[in-house]
Each structure stands twice: as structure tokens, then as C-alpha cells.
Amino acid sequence: MLGQQRIRIVLLRIFIPINNGKFEYSLTVPYTEAYFLFFQDELEMGSFNPICFFAENDTIVFRLHFKGEDKQDEISGGELTSAYYNYLKFSQELLRPQGNAISDSIAELKKKDAYYSAEFKLQQEKQRIANEKSNAENSTENDFEISIAQTKVLQGMINRGEYVSPKGKTLNDKMDSILVLKNQHKLNYIKNNLSLVSYYFLFRVTEYLNDYKGIAITDIKPIALEFAEKYPGHPYTQLMAVMVDGLLQTKVGGRYYDFSANDLNGENHTLSEIIDGKYAVIDLWATWCGPCIMGSKNLLPIYEEFKDKGFTICGVAREYKNTDDLICRIEKEKFPWINLVELDDKNQIWLHYGVQGGGRKFLVDSTGVILAIEPDAEEIRKILNEKLK
């Protein structure tokens, strides 16, 4: 291993010095599970390239390289760690010829400037201009907001599949069919190999379920129950139970998950007491999530329009270590609704709602049924006009 000065294990935040290109560490943990190594200086430069291994009763040897050369990394030793990398290698080769052929066709279409739709290219140019203004020395808060709003426009087009031309869509559909086959193979592998490696794979699939085409939470639940029976006391079992229940419950037509959290004065509140009998937006956000903040600001006129007609908003901010940034942000934006804080994921609220990253918004009716997930302001206004005449 060359160059980097320090390496650390993420979950335990253990810093391991590198001397003359080598490091050695004895890890003692209560459970056998997946851990990660990453170079601290790469992280400080905004790069995150974790190296997975399993804490097991064995010696694991790492031969690691700079980012960009990390395909040459070699990890050996440990039955579980070896099984993990063997499956990764196999899955990378699975359906590779078909995937490469489609990738080549997409690349050719991009060369001809025929892959993206005309509207998407127009919005990309608007994004470029907005970013330049936002990054300029004399930029204003309004420039930043326009840039964030334009990002959301592009993301919306991507989510709706409007970013590609008809020819691009045909190729994307073919690639999706290959991904579905690969994902189904991975699920079958997990189902037929009830090991801790497979349990970790199942955990990651569940955590990022929206990225796994062709797999539904109803496919995962029976497999999760088998793992729970085999590993009843393992940390993955508790986390999986929370995620599976959350994903099954927090869907359109399901009911919101009730929880308690503190406000900035330290007073505890229960969500159901705040929104009981009202149409409401449960706004899961964070001060470090720009699109979340913009989405919350877009709710201000809706709140003023409907707050006396049976509608409310409950904001819950996902913060870490302290609430300093939250206090400043609420003072700046002047969000008038009640604002709670989820500090250091203490209540596992995001896990219960099946949300990764910054946040998500849920519109519920007066009985607690979820009407929409991540609706924009106009969608909320339309629903409220229909329901709260």
C-alpha cells in the first residue's frame, strides 16, 4: 500500500497508521459482520472508496492501491471475506457480453448527440448557467436557490425517464432487463446461501431497494425471516426487521410510522399528537441536504394557505453531534411549523421510513393514510384543494 498516511475502520472509527507502506491491526468485535477500510486523506479530499471485509477469526491480507488503480487491489484470507469477493467477481462477469454490447450502443448514440432528449439538454444548459452564477464570488442566496431548484428539475426528468430520446429509452429498457436478471440471480444466491455474507448482501439490497429493479420488499420479507431464525441475536436481524416493516408500511395507501422526538427546547413530542385529525406533510429533512431545504421552503405558501383548513406540517431534521446548524437554518428560513430533531439517528426514524440520505416528504390524510411520497408543492396543493374544499 503506497502513499496514504492513515487508514481507518468506519464503524468503530479506528485510525490505523501506515508505516513504510504497511499497516497491521488486530480487531476484536462482539459479532462477525462487515466492516470497511478507507484512506482518510482520500475522504478529506471528498472521495470515498470503502474496502469491505468481514471481521472473523482469521488473518486478512490487504494489498491496496491509490484511487484510480484500486482495480488492482487484492484482499485474501478469511472464509467470509473470500466468499464476498468471489461473488462480486462472479456477478461482475454475469451477463457481461450482453451488457457490454448495450453499453457500446449507448456510447455510440451519445457520440451522435442522440441519447439525451432535447428538453433535457436544454435544462442541462440552464443548470450549467445556474451553477456558474451560484459559484461566482458575487453570488447571492437567490443564485444558490435557483441552482438547487434546477437540480431538482433535472432529477425529476431523470426519475420520470424524460431525460432520454426514444432510441435512448429503447437501449435503457434493454439494459434494465439485464439488471433485473442480475438482481434476481443475487436474490436467489442470498436465498440459497444463508451465510453472514448473504445476510450482508440482503441488508444492502433492502437499504437501497429503489436501486434494485425487479426486487420488491415482499420478495425480501420471507428471506429475512429465514435469516432472523438462523441469526436471532445478530445486529443485522434487528436492523432488517425495522427496515422491512418500514418499507411495507410507509407506502402510498399504508399508514405513517408514529414516533417521538424532541424539539429544540428539549421538549418531547409524538408525531400522532401533532398531526392527529389533519392532513399533514411529514417533512424528513436535514440542514446538510440542499434539495431538502428547497423542498421545505416550497411548502411555506402552502402552509399559509391551508393551515386554518385542517392542514399542518411536522418537520424532522436529521442532524449529527449537535443542533447548531439546525438552529441557524430554522432562524434563517423561519419555518413556522413545529420542528423536531433526530440527533445521531437515535430513534431510527429514517430507517423506519425506508429513507436513505437527507430526507423525504410524506403527505398523509386525516386518518393517517399516506397519499403521496415525495410530492412537489403543486401536487400537494392539488390534493389539498380536492380534499379540503
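It should be noted that the structure appears before, not after, this text.
Values in this document were obtained by computation on a predicted structure and should not be read as measured data. Numbering of residues starts from 1 in each chain and follows the order in which that chain's sequence is written. At least 70 in pLDDT is required for a residue's local features to be given in this predicted model, at least 80 for side-chain atom pairs to be given and counted, and no such filter applies to totals for whole chains, interfaces and linings, which use all residues. Side-chain numbers here rest on the full set of heavy atoms in the structure, without hydrogens or water.

(A) How the structure looks around the nonpolar core. Put simply, buried Ala, Val, Leu, Ile, Met, Phe, Trp, Tyr and Cys residues joined by side-chain atoms within 4.5 Å make one nonpolar core. A 1.4 Å probe rolled over the protein chains alone gives each residue an accessible area, and that area as a share of the maximum for its type sets the label: buried under 20%, exposed over 50%, partly exposed in between. With 31 residues, the main nonpolar core has Phe 54, Tyr 199, Tyr 200, Leu 202, Ile 220 and Met 240 as its most contacted residues. At the level of elements, strand E3 (34–39), strand E4 (51–54), helix H2 (79–93), helix H6 (166–192), helix H7 (196–207), helix H8 (217–230) and helix H9 (235–249) are the ones that each hand at least two residues to this core. A run of H or I in DSSP becomes a helix once it reaches four residues, and a run of E becomes a strand once it reaches two; helices and strands are each numbered from the N terminus. Take this core: its biggest share by element is 8 residues, from H7. Sequence-distant contacts of Ile 220, that is, excluding residues within four places in its chain, are made with Leu 202, Val 205, Thr 206, Leu 209, Ile 215, Met 240 and Val 244. In this structure, Cys 292, Leu 299, Ala 317 and Ile 380 belong to the second largest nonpolar core, which totals 26 residues. In what follows, residue pairs with any heavy atoms lying within 4.5 Å of each other are defined as contacts.

(B) View of the packing of aromatic side chains. Stacked, tilted and edge-to-face pairs are distinguished by plane angle, under 30 degrees for stacked and over 60 for edge-to-face with tilted covering the rest, among Phe, Tyr and Trp rings (Trp via its six-membered ring) whose centres lie within 6.5 Å. Inspection of every chain in the model, using the stated rule, returns 31 aromatic pairs. Note on Phe 36 and Tyr 200: the rings are 6.3 Å apart at their centroids and 55 degrees apart in plane angle, and the pair reads as tilted. In this pair, Phe 36 sits in strand E3 while Tyr 200 sits in helix H7, placing the two residues 164 residues apart along the sequence. What makes Tyr 200 buried here is its relative accessible area of 7%. Ring geometry for Tyr 353 versus Phe 362: centroids 4.9 Å apart, planes at 50 degrees, classification tilted. The exposure class assigned to Tyr 353 is buried, which follows from its relative accessible area of 1%.

(C) Structural detail: helix H11 (residues 290–297). Extensive coverage of H11 is indicated by the burial of 7 of its 8 residues. Among the residues making up H11, those that are buried are Gly 290, Cys 292, Ile 293, Met 294, Gly 295, Ser 296 and Lys 297. Against helix H5 (141–159), strand E9 (279–285), helix H12 (300–306), helix H13 (324–333) and strand E12 (360–364) lie the buried residues of H11.

(D) A look at the packing of H7 against H8. Whenever a helix is involved, its axis is fitted only over the stretch in contact; in every case the axis is a line through C-alpha atoms, and angles between N-to-C directions fall within 0 to 180 degrees. Contact geometry for H7 and H8: axes closest at 11 Å, N-to-C directions at 145 degrees. In this structure, the crossing between H7 and H8 has a hand that is left-handed. Residue-level inspection shows Ser 198, Tyr 199, Leu 202, Val 205 and Thr 206 of H7 in contact with H8, the latter providing Ile 217, Ile 220, Ile 223, Ala 224, Phe 227 and Ala 228. Throughout, a crossing is termed right-handed when the near helix is turned clockwise from the far one, and left-handed when it is turned anticlockwise from it by less than a right angle.

(E) Representation of the side chain of Thr 237. One can find Thr 237 in helix H9. Polar contacts, as used here, are pairs of N or O atoms within 3.5 Å; protein pairs need one atom able to donate a hydrogen and one able to accept it. Residues neighboring in sequence count only if both atoms are side-chain atoms. A polar contact of 2.5 Å, which involves the side chain of Thr 237, links it to the backbone oxygen of Tyr 231. Apart from residues lying up to four places away in sequence, Thr 237 is in contact with Tyr 199, Phe 227, Ala 228, Tyr 231 and Pro 232.

(F) Seen up close, the sheet that holds strand E13 (residues 370–373). Pairing is mixed across the open sheet formed by 7 strands, whose spatial order is E8-E7-E11-E10-E9-E12-E13. Bordering the open sheet on either side are strand E8 (268–270) and E13, each of which pairs with just one other strand. Sheet twist, expressed as the average angle between the axes of neighbouring strands with direction ignored, equals 30 degrees. Two strands pair if DSSP finds at least two bridges between them. Relative to E13, E12 runs antiparallel, the two being bridged by 3 bridges. When the bridges of E13 are listed, Phe 362 appears paired with Ile 373. Across the sheet, H11 lies against E9 and E12, angled at about 155 degrees from E9, the strand it touches most.

(G) Structural view of the pattern of salt bridges. By convention in these notes, a salt bridge is any Lys or Arg side-chain nitrogen within 4 Å of a carboxyl oxygen on Asp or Glu. Overall, the coordinates contain 17 salt bridges when judged by the stated rule. Between Glu 141 and Lys 332 there is a salt bridge; the shortest N-O distance is 3.0 Å. Here Glu 141 is found in helix H5, whereas its partner Lys 332 is found in helix H13, with 191 residues between them in sequence. Lys 332 sits in the partly exposed class, given a relative accessible area of 45%. A salt bridge links Asp 176 to Lys 213; the shortest N-O distance between them is 3.9 Å. Within this pair, whereas Asp 176 is found in helix H6, its partner Lys 213 is found in the loop between H7 and H8, the two being separated by 37 residues in sequence. The exposure class assigned to Asp 176 is partly exposed, which follows from its relative accessible area of 24%. The exposure class assigned to Lys 213 is partly exposed, which follows from its relative accessible area of 39%. Via salt bridges that share partners, Glu 145, Lys 297, Arg 329 and Glu 333 belong to a single interconnected network.

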